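Here are the chains, one letter per residue:
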Amino acid sequence: MEIETIKAHLNDVIKETDFPSLGEKKIGKVRDIYIAPDKITLVATDRHSSFDRIIAHIPFKGEVLNQISAFWFEQTKDIIQNHVISVPDPNVLIAKKCTPLPIEAVMRGYITGVTSTSLWTHYKDGKRDFGNFVLPEGLKKNQKLPQPVFTPSTKSDEHDRTLSPQEIVAEGILSAEMVAEVERVATALFLRGQEIAAKHGLILVDTKYEFGLDSDGKLTLIDEIHTPDSSRYWKAGSYDERFSKGEEPEYFDKEFLRLWFKENCDPYKDAVLPEAPADLVAELSRRYIEIYETITGKPFTHDFNLPLLERIKKNLSII
């Protein structure tokens, strides 16, 4: 989609939804979640979250994320069952109700990152033994690991903790059998993701998965999968040359909008934030669309015939 088309539709965004007939509403960072007795309806809005608040609304973002997840759920359903019942609208996924596991299954294929919890930060500080794997000496930042590693974390509103599988069992969070099954499935999903991404010129660097148990107690993949909001992607074509020069890989960059806010206000403290510049919003939308097209190998198409909320109502048969 051309940037001028995006600019012409900067106000055509889903900020929030109100569909009480779908069930009890819960508001997530990006999605509005409607809980009915027999199913959950996930509506992907165009909200863009950072600094623990909404900083902008990005045209087509919800549609892109929902469609990327739908693509990956389809590509991995032979590995594990997922919660998808149907995708009746580009912004909507209807899912089976599951009981979420209390951990995030984080998979890493490369040693990278800058945060205090990143693998690279721990490694350069001298850590080699991570409980369920030991890293060799001599690794460089952004280097591919000998094999993908499983670094699960707890889920908390305050602060996630990275734990080894042994610690998860020792703290009584999950059984040893369940942790082993989650690790096996997460590894298989990640390898499939890397394989398909590579065919489209991308490196799937790391990601996180959410699992739950269905009504029969069977492990089920839930939430989202391999979206640019839950995964790190690099461009494969330039990786080797950049790595050999000690340069950072080319990656899908959402950070520029976040940096603009840090430079123009105090996004953690200011009660009201300035409006995000239209050019930056349009560029971020374009990048979301580009990564959708790269991952799926399909052109992004949007139905301009109906307003977004009217289209969703029509597709969900909401009166």
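Preceding block: the structure.
Conventions adopted
Within each chain, residues carry numbers counting from 1 in the order of the written sequence. In keeping with the predicted nature of the model, local features appear solely for residues at pLDDT of at least 70, side-chain atom pairs appear and are counted solely at 80 or more, and the whole-chain, interface and lining totals rest on all residues. Values reported for side chains reflect all heavy atoms of the structure, with hydrogen atoms and water molecules removed beforehand. Strands here mean DSSP runs of E at least two residues long; helices mean DSSP runs of H or I at least four residues long; both are numbered from the N terminus. The buried label applies to any residue whose accessible area, calculated with a 1.4 Å probe on protein chains only, is under 20% of its type's maximum; exposed applies above 50%, and partly exposed to all values in between. When checking whether two residues touch, look at their non-hydrogen atoms; a contact exists if any pair is within 4.5 Å. For accessible areas, the Shrake-Rupley method is used with a probe of radius 1.4 Å. Any residue's cover is judged against the shown protein chains and nothing else. Here, nonpolar core means buried Ala, Val, Leu, Ile, Met, Phe, Trp, Tyr and Cys residues that are tied together by side-chain atoms lying within 4.5 Å of each other. In this scheme, a helix's expected span is set at 1.5 Å multiplied by one less than its residue total. Two strands form a pair only when DSSP identifies at least two bridges running between them. Here, axes are lines fitted to C-alpha atoms. For helices the fit covers the stretch in contact, and angles between N-to-C directions go from 0 to 180 degrees. Angular relationships are summarised with four words: roughly parallel below 35 degrees, roughly antiparallel beyond 145, roughly perpendicular across 65 to 115, and oblique for the angles in between. The hand of a helix crossing depends on one turn: near helix anticlockwise from the far one by less than a right angle means left-handed, and clockwise means right-handed. Under the scheme applied, nonpolar residues are Ala, Val, Leu, Ile, Met, Phe, Trp, Tyr, Cys and Pro; charged residues are Asp, Glu, Lys and Arg; polar residues are all the others, including Gly. This arc corresponds to the set of directions leading from the helix axis out to the C-beta atoms.

(A) Expanded view of the overall build of the protein. When you go through the protein residue by residue, the secondary structure sums to nine helices and 14 strands. Along the first, second and third principal axes, the C-alpha set of the protein runs to 60 × 50 × 40 Å. Here the protein, with 319 residues, has 47% of them falling under the buried criterion. Considering only contacts within the protein whose residues lie at least 6 apart along the sequence, 64% involve residues at least 24 apart. Element-wise, carbon and sulfur atoms account for 49% of the exposed surface of the protein, whose accessible area totals about 15900 Å².

(B) Representation of the nonpolar core in the model. Of all hydrophobic cores here, the largest spans 61 residues; its most connected members are Val182, Tyr209, Phe211, Leu257 and Phe261. Per element, the largest residue contribution to this core is nine residues, and it comes from helix α5 (residues 176-199). Not counting the four nearest positions on each side in its chain, Phe261 is found in contact with Phe51, Ile55, Pro267, Leu273, Pro274 and Ala276. Of all hydrophobic cores here, the second largest spans eleven residues; its members include Ile14, Phe19, Val92 and Ile312.

(C) Quick peek at the side chain of Glu63. Positionally, Glu63 belongs in helix α2 (residues 61-76). Those residues in contact with Glu63 that sit more than four places away from it in its chain are Asp46, Pro90, Asn91, Phe300, Thr301, His302, Leu308 and Arg311.

(D) A look at α2. Compared with an ideal rise of 1.5 Å per residue, which puts 16 residues at 22 Å, α2 spans 23 Å between its outermost C-alpha atoms and is within 8% of the ideal. The buried fraction of α2 is high, at 13 of 16 residues.

(E) View of the sheet that holds strand β2 (residues 31-35). One open sheet accounts for five strands, arranged β1-β2-β3-β7-β6; its pairing is antiparallel. The strands lining the two open edges of the sheet, one partner per strand, are β1 (24-27) and β6 (84-89). The sheet shows a mean angle of 20 degrees between the axes of neighbouring strands, direction not considered. The sheet contact formed by strand β3 (residues 40-44) and strand β7 (residues 92-95) spans four bridges and is antiparallel. Bridged to Thr41 within β7 is Ile94. The sheet strands contacting α2 are β3, β6 and β7, and the helix crosses β6 at an angle near 145 degrees. Here helix α9 (residues 308-316) sits on the sheet and contacts β3, β6 and β7; the angle it forms with β6, its principal contact strand, is near 130 degrees.

(F) Representation of the packing of α2 against α5 within the structure. At a minimum axis separation of 11 Å, α2 and α5 run at an interaxial angle of 115 degrees. In terms of orientation, α2 and α5 fall into the roughly perpendicular class. Crossing angle aside, the handedness with which α2 passes α5 is right-handed. Facing α2, whose interface residues are Phe71, Trp72, Gln75 and Thr76, α5 presents Leu189, Arg192, Gly193, Ile196 and Ala197. Tallied by class, the residues present in the contact of α2 with α5 amount to five nonpolar, three polar and one charged.

(G) Quick look at α9. Where α9 is concerned, the buried positions are Leu308, Arg311, Ile312 and Leu316. All buried residues of α9 fall inside an arc of 120 degrees around its axis, so they share one side. Ser317 occupies a position one or two residues after α9 and carries a positive phi of about 55 degrees.

(H) Seen up close, the packing of α2 against helix α8 (residues 278-296). Here α2 crosses α8 at 15 degrees, and the two axes come no closer than 9 Å. The angle between α2 and α8 falls in the class roughly parallel. The interaxial crossing formed by α2 with α8 has left-handed handedness. Here α2 contributes Lys61, Val64, Leu65, Gln67, Ile68, Phe71 and Trp72 to the contact with α8, which in turn contributes Tyr288, Ile289, Ile291, Tyr292, Ile295 and Thr296. Here the contact of α2 with α8 is built from residues that sort into ten nonpolar, two polar and one charged.

Keep in mind these values describe shape, not function.
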